[in-house]
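# Residue-level structural notes
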Amino acid sequence: MNPTGEAHLATFWEEIADLEHTLRYVDAGGYRTRVLEFTGAGPGAQTVVLANGTSGHVEAWTRNVRAFAEAGFRVVGYDYPGHGYTSPADHPLEIRDYEEHLLALLDALELERVHLAGESLGGWLALKFAPKHPERLHTVILSAPGGRVIDGPRLDKTQSVSAQAVSEPTFDNVKKRLQVVIHDPAKITDELVRVRQAIYARDGFSMANVTALREPDVRWRNRVTDEDFAAMPVPALLVWTDHEPSGDEAEGERLCGLLPDGEYLLIRDAAHWPQWEGAAEFNAAAVAFLEKHAYGKDGR
């Protein structure tokens, strides 16, 4: 236990040190893409691909990779163009860019069909990618998916703290940026802050390019609608929270009800990173969902 009484939150290295893994860079659509793979699963194991939120990176899944790997899945985490340690983007990124990059990554890694777990922007990506490429997916996990049009003040708050975190990437400024997505400040580890500090301070990092989807006109033409949820062609697990900034618990249940084959998980005492703040509950539900669909009629 730490001095606040909270259980110890392991560092990324503590979580993965004894798991067979590789960290490498591959060319995906012209971007030098950082890829972290957990490769200890046996022959024929299905793959879970982890997709991050806006300005995120593979470390956002620190508390989840072990659960997926120990359940027998190959796990692939990656950084989007302009994000993490993938090469910078030279233009404002829209959903089409993320879709094309994901498709190129799957091809580069020779992954014919995967389970796609996306948080925030990653969920937005999954909702748009799946109907266009259903043959590439077994299932999706939508962890507090973004993309719906919500009121301006909530977006403005995110924009302002993000801009300050990049222009002055001090420990305190970056932590304030993380407090937008994590409800309990005690669950923001120093490691997470320092990793993001280093990323924001990289040469060529452009918050304008990676947050273009927050601009009203760009967001509108890329927006997620009820029809997108209803068009999901594969089984989906929707994970929501009781402090989700984009909608209350009733909204989460409503969105899940739109999914043709959807399951719902509500994480309490969490905001926009349920996979982090409610890791134990998230992991148990996510693994059960994946195992249910992994090798059945929809998983062959």
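Notes on the structure in this doc start here.

### Description of the overall build of the protein
- Summing up its helical and strand segments, the protein has 13 helices and eight strands in all.
- The C-alpha radius of gyration computed for the protein amounts to 18 Å, which stays within 12% of the reference 19 Å derived for 300 residues, consistent with globular compactness.
- Overall, the C-alpha framework of the protein stretches about 50 × 45 × 40 Å when taken along its three principal axes.
- Within the span of the protein, comprising 300 residues, buried residues form 57% of the whole.
- Counted over contacts in the protein with a minimum sequence separation of 6, partners at least 24 positions apart contribute 74%.
- Only carbon and sulfur atoms are counted for the fraction: they give 51% of the accessible area of the protein, which is about 12200 Å².
- Averaged over its 30 positive side-chain charges, the protein has a centre that lies 2 Å from the centre of its 46 negative ones.

### Some thoughts on the packing of helix α6 (residues 171-178) against helix α7 (residues 190-200)
- Packing of α6 against α7 brings their axes to within 9 Å, and their N-to-C directions diverge by 105°. Considering the angle they form, α6 stands roughly perpendicular to α7. For the pair α6 and α7, contact is made by Phe171, Val174, Lys175, Arg177 and Leu178 and by Asp190, Leu192, Val193, Arg194, Arg196, Gln197 and Tyr200, respectively.
- In the contact of α6 with α7, the residues fall into six nonpolar, one polar and five charged.

### Regarding the sheet that holds strand β2 (residues 31-38)
- An order of β1-β2-β4-β3-β5-β6-β7-β8 is seen for the eight strands of this open sheet, with the pairing classed as mixed. Each having just a single partner strand, β1 (21-28) and β8 (262-267) make up the two edges of the open sheet. When strand polarity is set aside, the average angle formed by the axes of neighbouring strands in this sheet is 20°.
- Sheet topology places strand β7 (residues 236-241) next to β8; six bridges connect them, and they run parallel. Opposite Val239, over in β8, you have Leu265 as the bridge partner.

Reading the values: the criteria
- Residues numbered from 1 in each chain as written.
- Predicted model: local features only at pLDDT ≥ 70, side-chain atom pairs only at ≥ 80, totals over all residues.
- Heavy atoms only, no water.
- Helix = DSSP H or I, 4+ residues; strand = E, 2+ residues; numbered from the N terminus.
- Rg over C-alpha atoms; globule rule 2.2 N^0.38 Å.
- Buried < 20%, exposed > 50% of the residue type's maximum accessible area, 1.4 Å probe, protein only.
- Contact = heavy atoms within 4.5 Å.
- Areas by Shrake-Rupley, 256 points an atom, 1.4 Å probe, with all protein chains shown as cover.
- Lys, Arg positive; Asp, Glu negative; His and termini not counted.
- Charge placed at Lys NZ, Arg CZ, Asp CG, Glu CD.
- Axes fitted to C-alpha atoms, helices over the stretch in contact; angles between N-to-C directions.
- Parallel < 35°, antiparallel > 145°, perpendicular 65-115°, else oblique.
- Nonpolar A, V, L, I, M, F, W, Y, C, P; charged D, E, K, R; others polar.
- Pairing = 2+ DSSP bridges.

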